[in-house]
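As a plain string of letters, each chain reads:
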Amino acid sequence: MNKGITLHYHSHHSLSTKTAVARNYYKTARKTSSGRPQLEHSLRKVDELLSKNGYKSPRRYDNSQRRVEATVRQPTDDVTVCIPYISEYVANRIRNYVKSRNIPVKPIFTPGKTLKKTLCSSRPYDKSMCTMANPTLCRICPVITKGKCNAKGVVYEATC
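Because the structure is predicted, anything quoted here is derived from the model rather than measured. (Residues numbered from 1 in each chain as written. Predicted model: local features only at pLDDT ≥ 70, side-chain atom pairs only at ≥ 80, totals over all residues. Heavy atoms only, no water.)

S.K.: Any chance you could break down the pairing of strand β1 (residues 79–84) for me, citing the residues and the numbers?
M.R.: Within β1, only zero of the six residues are buried, which leaves it mostly out in the open. Note that β1 and strand β2 (residues 105–110) share six bridges and pair parallel. Across the sheet, residue Val-79 finds its bridge partner in β2, namely Val-105. Note that the unit made of β1, helix α3 (residues 88–100) and β2 has a crossover that is right-handed. (Buried < 20%, exposed > 50% of the residue type's maximum accessible area, 1.4 Å probe, protein only. Helix = DSSP H or I, 4+ residues; strand = E, 2+ residues; numbered from the N terminus. Pairing = 2+ DSSP bridges. Right-handed = clockwise from strand over helix to strand, strands pointing away.)

The structure is reproduced here in structure tokens:
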């Protein structure tokens, strides 16, 4: 079991992704438990983990009791279109519009840019000095680092 860190229910991911994460926790608990007491303990741990991360009634994601008929999907000539994920409401509106108009497109929703990806970079500058010989002419240095391009441990303040 991990340290209680998992995909939070209110995170910026599609509902299908969150459901898959929860189901995989239950599936792993069932596959790795050696006996009935261990299984009950593992399932309680998964329940606690998901509850702490915003999932309401987490056992509904445990699909071990459900018998789902496997559906065979026919191959289609639909073109896939990658669209940034905004919200479940917007994703459903797009899916419904495409379906109602019989447009041969399959929308794929990709995670959007996170705040961390927007503000952080593992290698913002390969050189220790500013690429512009004079830091006062640099458009980035004076704004975020007071003239030092190689500043480390910078803390940003974002005003909403």
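S.K.: Kindly report on the side chain of Ser-42, identifying the contributing residues and their values.
M.R.: In this structure, Ser-42 sits in helix α2 (residues 36–52). We classify Ser-42 as buried; its relative accessible area is 17%. Residue contacts for Ser-42: discarding those within four places in its chain leaves Ala-29 and Ser-33. (Contact = heavy atoms within 4.5 Å.)

S.K.: Describe the environment of Cys-82, naming the residues involved and giving the relevant values.
M.R.: Residue placement: Cys-82 occurs in strand β1. On the accessibility criterion, Cys-82 (57% relative accessible area) is exposed. In this view, Cys-82 contacts Ile-108 and Thr-110; residues no more than four positions away in its chain are not counted.

S.K.: Break down the environment of Tyr-9 for me, with residues and values.
M.R.: Relative to the helices and strands, Tyr-9 resides in the segment before α1 (15–32). Sequence separation of Tyr-9 and Leu-50 is 41 residues, and the distance between their C-alpha atoms is 8.4 Å. When near neighbours in sequence (up to four residues on either side) are disregarded, Tyr-9 contacts Leu-15, Lys-18, Asn-53, Gly-54, Tyr-55, Arg-60 and Tyr-61.

S.K.: Give a detailed account of α1, specifying residues and quantitative values.
M.R.: Between the first and last C-alpha of α1 there are 26 Å, a value that for 18 residues agrees with the 26 Å anticipated at 1.5 Å per step. For α1, the set of buried residues is Lys-18, Thr-19, Ala-22, Tyr-26 and Ala-29. Along the axis of α1, the buried positions cluster into a sector of 105 degrees, meaning they face one direction only. Structural note: α1 exposes Ser-16, Lys-31 and Thr-32 on the side pointing more than 90 degrees away from its buried face. If you follow the buried residues of α1, they end up packed against α2. (Expected span 1.5 Å × (residues − 1). Arc of directions from axis to C-beta.)

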